[in-house]
Amino acid sequence: MALVTLRRNLCHLSDFRIHGALAALKTQHVNHVHRTVKEHLCPWFWSLQPGPIRVRFHHAHCKKFHSENGNDLHPVGEPGFSQVHNWDRFEHNVKNVEEQMFYRKINSFTSSGEVLRFISTLETLPDTMMAEALRRICEVEKKNQRLPKEILESSAFQALCDRFGRDPSNLSNAGLVTAFQALTLLYGDAQSQLLMNLEAECQHRLERGGLDRHSLCILGESLIKLHGPGCSTLDLIIYQLQGESLETFTPEDIVTLYRLLQASPEKADQQQRFLNKINHFSLSLVSNLSPKLMSQMLTALVVLDQTQALPLVIKLSKYAVRHIARFTSEELRKVLEAFIYFGHSDRFFTETLEQHVASLCLTLDPELLSRAMEYCSRKRILSEPIFNAVAEAFVCQTEKFSPSQTAELIEPFGKLNYLPPNASALFRKLENMLLTHFNHFPPKTLLKLLHSCSLIERHPVNFMAKIFSPYFLQQLQGEESYLDRLSLAQLTQLFLTSILECPFYKGPKLLPKFQVKSFLTPCSSLETPMDFHLYKSVMIGLIDLLGARLYFASKVLTPYCYTIDVEIKLDEDGFVLPFTIDEDVHKRVALCIDGPKRFCLNSKHLLGKEATKQRHLHLLGYQVVQIPYYEIEMLKSRLELVDYLQGKLFSQNSGGHW
């Protein structure tokens, strides 16, 4: 019964005056044990100094006790009621509970004054707890880069520093490196000597090989913060960590190890064998990672260019689904950047991200919204919930978005050929922003933004005169000797748009020297190359239908910069002409053989550049016939393919014959 009561009292302690009672126990005679314990509502304590005197009792109100060698206390004439190792284990558990309570209390404080007032109430603390208190003080004052004068001059803070500066060699490894880590958060002169002393002791223990893996990890990060990634000691720390068994590392230590290697990405090739071991071992830790650690691990994989660690990235993405609501905006942004970098997407992650963004769009960081849109854009994911939520956030809080963030938000609408329900309000806000902040947009960013708007038929007529002007073109070129091909192609397509879709535009024209001959670019930004396997299937059907390869041409570059997948020429009576004949051509048929890459992911929704191409070809007089991959895949035989092509090319309305 007494044991149950004692445990209950311990678990409900709200402060840490236990150590004060401990000091009393150390100085008082054993006869006073019961009185001291009763005052503090705790039946036993342990000493923080070597060689503790363990005090044990059993129903102390009515028993006489004696102690043998100061080590065991039990009723006269009765054996001890428990073995020593059982008590040691219980004391260890109680100590762990007390330390956890202390750390939670310390981390709940938001000012250095609160921390100092709290530790002033405790008479005795181990160096690890004192180091943790010092770390929290420096952490809360980090934004000021130095401690306030009243804190520096306080006796409590000076006593705290004196504990570490008096003789660093007597500190435990954990206490030493934690105190050193704390002081690296600040750069005040008052701590410089103490910092140097602690660093010297850390260096001494490192050279002797006396630091455990956790201390090595903390020391490495502290040195990077203090001296930068070029710190020569970092190589020795990593060398010693390589000698440790990864199975003994905690998830926190593994992520810290990634961060240490991340500090010198130029050495990643030299460390690749070690990185391969870490990447493989980390697969077993993913389920135990917190959102913060998961984000940091992905960031390190990006910086270290670990493209061969895709299995780890995939597993991280599966577990990230569970944490989306728990990620901070910064952490989730890093996760999205990693998925973008590795070209990875996950359906379940995307669905959870949709729910998260849709429910919190007005409170999310603009940079996070930009990354969410980029994630969708890169993988061609037409996520209406995300797009609609982002459009709503921009309309409601336009002032929160920088020019670059605005461009990153709007470009995916054009790329994926999507107009949100509030499109009129969205583009009205965008136009107002451009009118008032036109000069704040970097030239290339502005061109990409306006080009994206034209892809969804929101033509930037009010700004065409500016972007075709010699002044803007000179800004666009910058210090380079010539304009890049993508910018020239975007300018050319905007100019073609002004002719075909904005006949009322009467402003400056784009000079011929800035116009390209073809919209096919290495990055395929304006046209997607034809799917070769799909083309071969269609070609076989066309030969069967038309009778010979002579009656159609492939990859035809038009005078209007577009490349037509297949062109068929018809005379005035609708008969097919050989592709070598240019006379008597009455109509040209443009077959758009659209493979999966010309559509949004897993959908039948054309990308903006492909919809614009087909729209322009139609305005230029071509009969546009779309041959989408999902219709070809439904055909089961060569005969069905011929019938399908006949229906597409020579329907009753087309007037064509063969």
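Here the residue index of a chain counts from 1 through its sequence in written order. In keeping with the predicted nature of the model, local features appear solely for residues at pLDDT of at least 70, side-chain atom pairs appear and are counted solely at 80 or more, and the whole-chain, interface and lining totals rest on all residues. In computing side-chain properties, one takes all heavy atoms of the structure into account and sets aside hydrogens as well as water.

Draft legend 1. Layout of the overall build of the protein chain. Only DSSP runs of H or I covering at least 4 residues are called helices, and only runs of E covering at least 2 are called strands; the numbering of each starts at the N terminus. Tallying secondary structure elements over the protein chain gives 30 helices and seven strands in all. A burial count over the protein chain gives 50% of its 658 residues as buried. Looking at the protein chain alone, contacts between residues at least 24 apart form 69% of all its contacts between residues at least 6 apart. With a 1.4 Å probe rolled over the protein chains alone, any residue whose accessible area is under 20% of its type maximum counts as buried; one over 50% counts as exposed, and the rest are partly exposed. Contact between two residues is taken to exist if any of their heavy atoms lie within 4.5 Å; hydrogens are not considered.

Draft legend 2. Geometry of the packing of aromatic side chains. Whether two aromatic rings pair depends on their centres lying within 6.5 Å, for rings of Phe, Tyr and Trp, where Trp uses its six-membered ring; planes under 30 degrees apart make the pair stacked, over 60 edge-to-face, and the rest tilted. For the structure shown, the criterion picks out 16 aromatic pairs. Ring centres of Y341 and F342 lie 5.2 Å apart, and the angle between their planes is 90 degrees; on these two criteria the pair is classed as edge-to-face. Note on F387 and Y418: the rings are 5.9 Å apart at their centroids and 80 degrees apart in plane angle, and the pair reads as edge-to-face. Of the two residues, F387 sits in helix α20 (residues 384-396) while Y418 sits in the loop between α21 (403-415) and α22 (423-437), which places them 31 residues apart along the sequence. Since its relative accessible area comes to 0%, F387 is described here as buried. By relative accessible area, Y418 is classed as buried at 9%. Taken together, the ring pairs in this structure connect F102, Y103, F109 and F118 into an aromatic cluster. Geometry around F348 places R347 over its ring, the cationic atom sitting 4.3 Å from the centre. Only when the NZ of Lys or the CZ of Arg is both within 6 Å of the ring centre and within 35 degrees of the ring normal is a charge said to sit over the ring.

Draft legend 3. Representation of helix α9 (residues 173-184) in the model. Expected helix span is taken as 1.5 Å per residue step, with the number of steps being one fewer than the number of residues. Its 12 residues place the ends of α9 17 Å apart at the C-alpha level, agreeing with the 16 Å of an ideal helix rising 1.5 Å per residue. With 10 of 12 residues buried, α9 is to be regarded as a mostly interior element. Of all the positions in α9, only N173, G175, L176, V177, T178, A179, F180, A182, L183 and T184 are classed as buried. Here the buried face of α9 lies against α6 (127-140), α8 (155-165), α10 (192-208) and α11 (213-227).

Draft legend 4. Expanded view of the environment of I540. Checked against the element boundaries, I540 lands in helix α27 (residues 532-546). Residues I540 and L641 lie 101 residues apart in sequence; the distance between their C-alpha atoms is 9.0 Å.

Draft legend 5. Up close: unusual backbone geometry. Notably, D305 is not glycine yet its phi reads approximately 55 degrees, a positive angle. The residue D305 is located in the loop between α15 (291-303) and α16 (310-323) in this model. What makes D305 partly exposed here is its relative accessible area of 39%.

Draft legend 6. Fine view of the packing of α6 against α8. Every axis in this analysis is a line fitted to C-alpha atoms, fitted for helices over the stretch in contact. Angles between the N-to-C directions lie between 0 and 180 degrees. Packing of α6 against α8 leaves a shortest axis separation of 11 Å and a crossing angle of 125 degrees. Classified by the angle between their axes, α6 and α8 sit oblique to one another. The interaxial crossing formed by α6 with α8 has left-handed handedness. Between α6 and α8, the residues in contact are D127, M130, A131, L134 and I137 and F157, L160, R163 and F164, respectively. In terms of residue class, the contact of α6 with α8 is built from seven nonpolar, no polar and two charged. Any angle between 65 and 115 degrees counts as roughly perpendicular, while under 35 counts as roughly parallel, over 145 as roughly antiparallel, and the rest as oblique. For any pair of crossing helices, the crossing counts as left-handed if the nearer helix is rotated counterclockwise from the farther one by less than a right angle, and right-handed if it is rotated clockwise. Gly counts as polar in this scheme, as do all residues outside two lists: the nonpolar Ala, Val, Leu, Ile, Met, Phe, Trp, Tyr, Cys and Pro, and the charged Asp, Glu, Lys and Arg.

Draft legend 7. The packing of helix α12 (residues 233-242) against helix α13 (residues 251-262), seen in detail. Remark: α12 packs on α13, axes separated minimally by 11 Å, with the N-to-C direction vectors making an angle of 140 degrees. Considering the angle they form, α12 stands oblique to α13. Remark: the crossing between α12 and α13 carries left-handed chirality. Taking contact as the criterion, the partners of L234, I237, I238 and L241 in α12 are, on α13, L257, L260 and L261. Residues belonging to the contact of α12 with α13 are distributed by class as follows: seven nonpolar, no polar and no charged.

Draft legend 8. Representation of the pattern of salt bridges within the structure. Salt bridge, as used here: a side-chain nitrogen of Lys or Arg that lies within 4 Å of a carboxyl oxygen of Asp or Glu. In this structure the tally under the stated criterion is 26 salt bridges. Across the pair E411 and K448 runs a salt bridge whose closest N-O atoms are separated by 3.9 Å. Here E411 is found in helix α21, whereas its partner K448 is found in helix α23 (residues 443-455), with 37 residues between them in sequence. On the basis of relative accessibility, which here comes to 36%, the residue K448 falls in the partly exposed class.

Draft legend 9. Local environment of the side chain of T528. The topology assignment puts T528 in the loop between α26 (485-500) and α27. Residue classification places T528 among the buried positions, given a relative accessible area of 9%. Within polar-contact distance, the side chain of T528 engages the side chain of K609 at 3.2 Å. Polar contacts, as counted here, are pairs of nitrogen or oxygen atoms within 3.5 Å of one another; within protein the pair requires one atom able to donate a hydrogen and one able to accept it, and residues that are adjacent in sequence qualify only if both atoms are side-chain atoms.

Draft legend 10. Broad picture of a negative patch on the surface. Excluding any residue in a salt bridge, patches collect residues exceeding 30% relative accessible area, merging like charges within 9 Å and nonpolar Val, Leu, Ile, Met, Phe, Trp and Tyr side chains within 5 Å. The Shrake-Rupley method, run with a 1.4 Å probe, gives the accessible areas here. Residue values count only the displayed protein chains as cover. None of His or the chain ends enter the tally, which takes Lys and Arg as positive and Asp and Glu as negative. To locate a charge, take NZ of a lysine, CZ of an arginine, CG of an aspartate or CD of a glutamate. On the surface, E572, D573, E583 and D584 cluster together into a patch of negative charge. Counting through the fold element by element, D573 comes out in the loop between β4 (563-570) and β5 (576-577).

Draft legend 11. The arrangement of the environment of K400 in detail. Here K400 shows up in the loop between α20 and α21. Overall, the relative accessible area of 35% leaves K400 in the partly exposed class. Taking the C-alpha atoms as reference points, K400 and D365, separated by 35 residues in sequence, lie 8.9 Å from one another. Apart from the residues lying within four places of it in its own chain, the contact partners of K400 are L362, L364, P366 and Q405.

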